[in-house]
Amino acid sequence: MKIAAIVFFLTLIASSVRWAWWRSSVPGLRVLCYHKIGRPPAGSRLKELWVSPEKFRLQIKYLLSRGYATLHFSDLVKARNGGTPLPEKAVLITFDDGYENNYLNAWPVLKELGAKGNIFVVSDTIGKANLWHDPATEPWVNMATLAQLREMQASGVIEYGSHTLSHPRLSALPAEDAAWEISESKRRLETAFGRKISAFAYPYGDGADVPALRACALGAGYALDFSFRQGKTPWPWDRDASAIDRLFIRGGDGLWDLALQLSRGTSRL
Ligand SMILES: [Zn+2]
């Protein structure tokens, strides 16, 4: 009996270190951040950025069954400009980079279940590969082609944001090169999709905390900019204060992690 009690408390402590159930829930906008939907190739050092199609489907089903309303970037812009409230359980599903596996494995699920998604595209790599990674540590995989991206937009399921031209660390570039990455990617995506591109995500989150780079992104005409920081962002959003934070879904996460992220802004210590 005594041993059982000790085991119980040790388990409780261990799981409380792994899962932040003990945090209180925080208000704010929920923006999920995914990368690749599929199985990591041999040699991937970034396995946690791959979420299996089965898990992805369960997560989207979970959101919808719990009454979450999935939004597009344009819904967020409209609400902000019009001063209208967001649905109480609003959530944005975002994907970084624009992989072909989003087209193959995520879009069909979103379409079937009736959810909206948003993809931050690296415009110079459309139809190519994740060229910014060193293939020795993260294998190159296909990025979605322009035809695939257009098909997803035409379905009404997916909207796009910019993730620069080439996925650089913006703060490491000369200011005029960083400005070009930010503004020229917007222009090219608008030409490619015939729509205003109103959202920007800083590659690696680099620049989201640099006032000059934020000013550059907002000055280029993006209504929304997104960081790579874990958390929820108070809404209405104080745009001058900070970029919009996100909730990172890892390959190993379960629905319990998702639930904690949505309510607490994190599932971990
Ligand atoms: Zn990225």
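An account of the accompanying structure is given in this report. From a predicted model like this one, the values you see are computed outputs, not experimental measurements.

Conventions adopted
- Residues numbered from 1 in each chain as written.
- Predicted model: local features only at pLDDT ≥ 70, side-chain atom pairs only at ≥ 80, totals over all residues.
- Axes fitted to C-alpha atoms, helices over the stretch in contact; angles between N-to-C directions.
- Helix = DSSP H or I, 4+ residues; strand = E, 2+ residues; numbered from the N terminus.
- Left-handed = near helix turned anticlockwise from the far one by under 90°.
- Contact = placed C-beta atoms within 7 Å.
- Nonpolar A, V, L, I, M, F, W, Y, C, P; charged D, E, K, R; others polar.
- Buried ≥ 20, exposed ≤ 12 C-beta atoms within 10 Å, placed from the backbone.
- Pairing = 2+ DSSP bridges.
- Right-handed = clockwise from strand over helix to strand, strands pointing away.
- Parallel < 35°, antiparallel > 145°, perpendicular 65-115°, else oblique.
- Core = buried A, V, L, I, M, F, W, Y, C linked by C-beta atoms within 7 Å.
- Arc of directions from axis to C-beta.

## Description of the packing of helix H6 (residues 175–193) against helix H7 (residues 211–219)
(1) Moving on: As a packed pair, H6 and H7 sit with axes 9 Å apart at the nearest point and diverge in direction by 35°. Seen along the crossing, H6 lies across H7 with a hand that is right-handed. Contact with H6, carried on its side by Ala175, Ala178, Ala179 and Ile182, involves Ala212, Leu213, Cys216 and Ala217 of H7 and no other residues of that element.
(2) Moving on: Of the residues contributing to the contact of H6 with H7, the split by class is 8 nonpolar, no polar and no charged.

## Focus: the pairing of strand E6 (residues 117–121)
(1) Moving on: In terms of residue burial, E6 counts as a mostly covered element, since 5 of its 5 residues are buried.
(2) Moving on: Going residue by residue along E6, you find Gly117, Ile119 and Val121 tucked away on one face and Asn118 and Phe120 tucked away on the opposite face as well.
(3) Moving on: When strand E5 (residues 90–97) meets E6, the two strands line up parallel, connected through 4 bridges. For aspartate 96, the partnering residue across the bridge sits in E6 and is phenylalanine 120.
(4) Moving on: Regarding the hand of the β-α-β motif, the stretch spanning E5, helix H4 (residues 100–113) and E6 is right-handed.
(5) Moving on: Pairing geometry for E6 and strand E7 (residues 158–162), over 5 bridges, is parallel. What sits directly across from isoleucine 119, in E7, is tyrosine 160.
(6) Moving on: Regarding topology, helix H5 (residues 146–154) serves as the crossover connection from E6 to the parallel E7, and that connection is right-handed.

## A closer look at the environment of glycine 83
(1) Moving on: Mapped onto the secondary structure, glycine 83 falls in the loop between helix H3 (73–82) and E5.
(2) Moving on: Residues glycine 83 and proline 236, spaced 153 residues apart in sequence, show a C-alpha to C-alpha distance of 8.4 Å.

## A short note on the packing of helix H2 (residues 53–65) against H4
(1) Moving on: Between H2 and H4, the least distance of the axes is 10 Å, while the angle of their chain directions is 30°. Considered as vectors, H2 and H4 are oriented roughly parallel to each other. For the element pair H2 and H4, the recorded crossing hand is right-handed. Across from Pro53, Phe56, Arg57, Ile60, Lys61 and Leu64 in H2, the residues of H4 making contact are Asn105, Ala106, Val109, Leu110 and Leu113.
(2) Moving on: Of the residues belonging to the contact of H2 with H4, the class tally is 8 nonpolar, 1 polar and 2 charged.

## A few points about the pairing of strand E10 (residues 244–248)
(1) Moving on: Most of E10 sits out of view: 5 of its 5 residues are buried.
(2) Moving on: Residue alternation in E10 divides its side chains into two sets, Ile244, Arg246 and Phe248 and Asp245 and Leu247, and both sets are buried.
(3) Moving on: Note: strand E1 (residues 30–34) against E10, 2 bridges, orientation parallel. The residue of E10 that forms the bridge with cysteine 33 is phenylalanine 248.
(4) Moving on: With 2 bridges joining them, strand E9 (residues 224–230) and E10 adopt parallel strand pairing. Paired with glutamine 230 across the bridge in E10 is arginine 246.

## Some points on the nonpolar core
(1) Moving on: Ranked by internal contacts, the top residues of the largest apolar core, which has 60 residues, are Val31, Leu32, Phe226 and Ile249.
(2) Moving on: Here the element with the most residues in this core is H4; it accounts for 5 residues.
(3) Moving on: Filtering out sequence-adjacent residues up to four positions away, leucine 32 remains in contact with Val91, Leu92, Ile93, Thr94, Leu247 and Ile249.

## Considering H7
One turn of an α-helix holds 3.6 residues; hence residues three or four places apart share an orientation.
(1) Moving on: Among the residues of H7, those classed as buried are Leu213, Arg214, Cys216 and Ala217. All buried residues of H7 fall inside an arc of 155° around its axis, so they share one side. The exposed residues of H7 that point more than 90 degrees off its buried face are Pro211, Ala212, Ala215 and Gly219.
(2) Moving on: Where H7 is buried, its residues meet H6, strand E8 (199–201) and E9.
(3) Moving on: Immediately downstream of H7, the backbone of glycine 221 shows phi near 110°, a positive value.

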